[in-house]
Amino acid sequence: MNVKDAVFYAGVLASEECQCGAEKLKRNALCWRCFNSLPTHMKNDLYQKLGYGFEAAYEAAVAWLN
Ligand SMILES: [Zn+2]
């Protein structure tokens, strides 16, 4: 798995644009629609903190959505 640097993931959380291009809330990894379409275990994984599993969870979620 290609895990990017911490700045990238901090930027994901600070952004108001989801990886799909839709608006999302700051501090959320994804927009409501993307988040809702994930399997339950992937949703749960996204609640992990930066540096404690969020990076891998985000990569898995984006790969799954695309
Ligand atoms: Zn989205």
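Here, the structure is the one placed above.
In this text, all values refer to a predicted model and were calculated from it rather than measured experimentally.

Asks: Looking at this model, I keep getting lost on the overall build of the protein chain. Mind explaining?
Replies: If you tally the helices and strands in the protein chain, you get four helices and zero strands. Secondary structure elements in the protein chain, listed N-terminal to C-terminal, are α-α-α-α. At 11 Å, the protein chain has a C-alpha radius of gyration in line with the 11 Å of a compact globule built from 66 residues. Taken across its 66 residues, the protein chain has 14% of its residues classed as buried.

Asks: Quick question: what am I supposed to make of the environment of Glu17 here?
Replies: Mapped onto the elements, Glu17 comes out in the loop between α1 (6-14) and α2 (32-37). Sequence separation of Glu17 and Val62 is 45 residues, and the distance between their C-alpha atoms is 14 Å. Look past the residues within four positions of Glu17 in its chain and what remains in contact with it is Glu23 and Lys24.

Asks: Please explain the nonpolar core as it appears in this structure.
Replies: Generally speaking, soluble globular proteins have nonpolar side chains that are buried together. Membership of the largest hydrophobic core is limited to eight residues, which are Val12, Cys18, Ala29, Leu30, Cys34, Ala57, Tyr58 and Ala61. With three residues, the top contributor of residues to this core is helix α4 (residues 54-65).

Asks: Quick question: what am I supposed to make of α4 here?
Replies: Because each turn of an α-helix spans 3.6 residues, side chains separated by three or four positions end up pointing in the same direction. Between its first and last C-alpha atoms α4 spans 16 Å; for 12 residues at 1.5 Å apiece the expected length is 16 Å, and the two agree. Restricting attention to buried positions, one finds in α4 the residues Ala57, Tyr58 and Ala61. What you see down the axis of α4 is that its buried residues fit within an arc of 100°, all on one side. In the core, the buried residues of α4 are packed alongside α1 and α3 (40-45).

Criteria and thresholds
- Residues numbered from 1 in each chain as written.
- Predicted model: local features only at pLDDT ≥ 70, side-chain atom pairs only at ≥ 80, totals over all residues.
- Helix = DSSP H or I, 4+ residues; strand = E, 2+ residues; numbered from the N terminus.
- Rg over C-alpha atoms; globule rule 2.2 N^0.38 Å.
- Buried ≥ 20, exposed ≤ 12 C-beta atoms within 10 Å, placed from the backbone.
- Contact = placed C-beta atoms within 7 Å.
- Core = buried A, V, L, I, M, F, W, Y, C linked by C-beta atoms within 7 Å.
- Expected span 1.5 Å × (residues − 1).
- Arc of directions from axis to C-beta.

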